[in-house]
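Chain by chain, the residues:
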Amino acid sequence: MTIYTTLAMTCVISVISIFATSWEMFAVMQFFIGLSLSGFVILVFVYMAEFVTRKWRNPVSNVPSFTIMTIVFAVVCMLLKDWRHIRIDGAVVVGICIVPVFWLPESLRWLEVKNKTSKFEKVIKKMSKLNGKVLPAMDHIESKINCSREGEKVVENSKEVSKGSEDLPISDTSGSVNSTHKSETSKNEGMNENTSVLQDKARSSIFDLFKPACIKYTLLLILPNFTMSLIFNALGFGVKALSGDFYINLLIMNAFDILFSPIFMILPNVIGRKPSGIAFSGISGVCLLTAAFFHKLASDYAKTTGVLIMAIVARSTIGGFWGLMLTYTVELYPTVVRGLGTSWTNFILRLGGVAAPYLIPNDPDSFFICYIIMAGLAILCSGIIMLLPETKGRQLKETLEVE
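Residues numbered from 1 in each chain as written. Predicted model: local features only at pLDDT ≥ 70, side-chain atom pairs only at ≥ 80, totals over all residues. Heavy atoms only, no water.

## Describing the packing of aromatic side chains
Worth spelling out the cut-off: Planes of paired rings set the category: under 30 degrees apart is stacked, over 60 is edge-to-face and the rest tilted, where pairs are Phe, Tyr or Trp rings (Trp by its six-membered ring) whose centres lie within 6.5 Å. Each helix corresponds to a stretch of at least 4 residues labelled H or I by DSSP, and each strand to a stretch of at least 2 residues labelled E; elements are numbered beginning at the N terminus. Partly exposed describes any residue whose relative accessible area lies between the buried limit of under 20% and the exposed limit of over 50%, with all areas from a 1.4 Å probe on protein chains only and scaled to the type maximum. In this analysis the charged atom, NZ for Lys or CZ for Arg, is taken to sit over a ring once it is within 6 Å of the ring centre and within 35 degrees of the ring normal.
Within this structure, the stated rule accounts for 10 aromatic pairs. Ring centres of phenylalanine 210 and tryptophan 344 lie 5.8 Å apart, and the angle between their planes is 80 degrees; on these two criteria the pair is classed as edge-to-face. Of this pair, phenylalanine 210 sits in the loop between helix 10 (184-202) and helix 11 (215-220) while tryptophan 344 sits in helix 16 (residues 335-359), placing them 134 residues apart in sequence. Here phenylalanine 264 and phenylalanine 280 contribute two aromatic rings whose centre-to-centre distance is 5.1 Å and whose plane-to-plane angle is 75 degrees, an arrangement assigned as edge-to-face. Residue phenylalanine 264 is found in helix 13 (residues 246-271), and its partner phenylalanine 280 is found in helix 14 (residues 273-297); the two are separated by 16 residues along the sequence. The class of phenylalanine 264 is buried, set by a relative accessible area of 7%. Put simply, the rings of Phe210, Trp344 and Phe347 touch in pairs and so form one group of aromatic residues. Seen from the ring of phenylalanine 232, arginine 315 lies directly overhead, with NZ or CZ sitting 4.0 Å from the centre.

Structure (structure tokens):
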């Protein structure tokens, strides 16, 4: 429901902004649109990641929807010209996105953490029916929930249940249940005894991000998120400094993002999140260093061509790094603070976006300094990613318990 609240806010404010009589009023409307859309971007990805199985989390995050819609938006701007007509078009698109509120279910993991058992059962039955899967017995599912509440470790890859529920995102893989839950009485007692504990865990706050279970991720994710936003936006804002036509360069940049997207979707599932993050950030850093070399030392032809190619590859790889970090963040934080964790990283991302225009020099001849700074930050991020744990193949954590 929160997702559609943010969309409704965006739609209403977009319509109101059409009647803006001054740039100050328009700027205020833009501020609130940015605020609501930021919330939407955070929530919608977490929502998708909590429904899909582990092998699909990274591909979902790297679908080039942002790039495709950037191209579409550019075409719309060229056709409509008038900013009021463009704003109406945006409001209509957002309004259409609100329609699925009538049939999209609540997150399974959120329902579990909030102890909404009846709604949980309805959602999982609907999912199994739509996907043509055999639903495991509900008493088994309830036992698994009780086990997770008590902090017991569930053994993965149980042959007995995986045949019917391997594609259901309850815990991504099924496991054996502790023998103490065989009797119905013990199951009910376990539910009653742990309800208050679960509710305490569900009352999360921003301070939970700095508790022992999360503080390492909270601090280490600062620089990578700031850097990738800084580089991605600075290269986008700096398109005018590249040789050739502005619109053609912008189109080429976005086209390369789409071209590389299959690599960004597949590679993290093959070699892992950590090696992929190190590679994406490192390649971007090397390309930016090469661009600085071309810009400063190469001949005019090599300078114009080399800088353009290196800038395009650097932006595409840092875009792949961005998509990977979305998946990484979701997999690092437990369910009870996953929304807060992604909000934290989104806040850092916005700081990088704010800083990006100030990194671009007024003098085009000094642009190599910008490349060197971004390259240094990208290479440093590769080192920071080495300190994070690998999450490929791991089920999503539910609570703040320290491993």
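## A word on the confidence of the model for the chain
Filter applied, for reference: Scored from 0 to 100, pLDDT records how confident the predictor is in each individual residue. Should any heavy atoms of two residues lie within 4.5 Å, those residues are counted as being in contact.
Per-residue pLDDT for the chain averages 76, and the proportion of residues at 70 or more is 78%. Overall, residues 151-201 carries pLDDT values under 50, and its contacts beyond four positions in sequence, including any with other chains, amount to 96 contacts.

## Here's the deal with the side chain of asparagine 225
What counts is decided by this rule: Polar contact is defined as a pair of N or O atoms within 3.5 Å, subject to the rule that within protein one atom must be able to donate a hydrogen and the other to accept it, and that residues adjacent in sequence are counted only when both atoms are side-chain atoms.
Mapped onto the fold, asparagine 225 is located in helix 12 (residues 222-237). Among the polar contacts listed, one links the side chain of asparagine 225 to the backbone oxygen of leucine 221, at a separation of 2.7 Å. What asparagine 225 contacts, discounting residues up to four positions off in sequence, is Thr345, Ile348 and Leu349.

## A few points about the nonpolar core
We count it as follows: Residues enter a nonpolar core if they are buried and are Ala, Val, Leu, Ile, Met, Phe, Trp, Tyr or Cys, with the set joined through side-chain atoms within 4.5 Å.
Ranked by internal contacts, the top residues of the largest apolar core, which has 53 residues, are Leu235, Leu288, Tyr333, Tyr371, Met374 and Leu388. Of all the secondary-structure elements, those providing two or more residues to this core are helix 11, helix 12, helix 13, helix 14, helix 15 (300-332), helix 16 and helix 17 (367-385). With 14 residues, the single largest contributor to this core is helix 15. Core analysis: the next-biggest nonpolar cluster, separate from the first, contains 14 residues, Tyr47, Phe51, Leu111 and Ile124 among them.

## Focus on the environment of tyrosine 47
Along the polypeptide, tyrosine 47 turns up in helix 2 (residues 23-51). On the basis of relative accessibility, which here comes to 17%, the residue tyrosine 47 falls in the buried class. Between the C-alpha atoms of tyrosine 47 and leucine 108, which are 61 residues apart in sequence, the distance is 9.3 Å. The residues contacting tyrosine 47, other than those within four sequence positions of it, are Ile3, Leu104, Pro105, Glu106 and Ser107.

## Considering the environment of cysteine 287
Mapped onto the elements, cysteine 287 comes out in helix 14. Residue classification places cysteine 287 among the buried residues on the basis of a relative accessible area of 9%. Apart from residues no more than four positions distant in its own chain, cysteine 287 is found in contact with Met310, Val313 and Ala314.

## With respect to the side chain of serine 281
Among the secondary structure elements, serine 281 is positioned in helix 14. Within the structure, the side chain of serine 281 is placed 2.5 Å from the backbone oxygen of alanine 378, a separation counted as a polar contact. Those residues in contact with serine 281 that lie beyond four places of it in its chain are Phe321, Ala378, Cys381 and Ser382.

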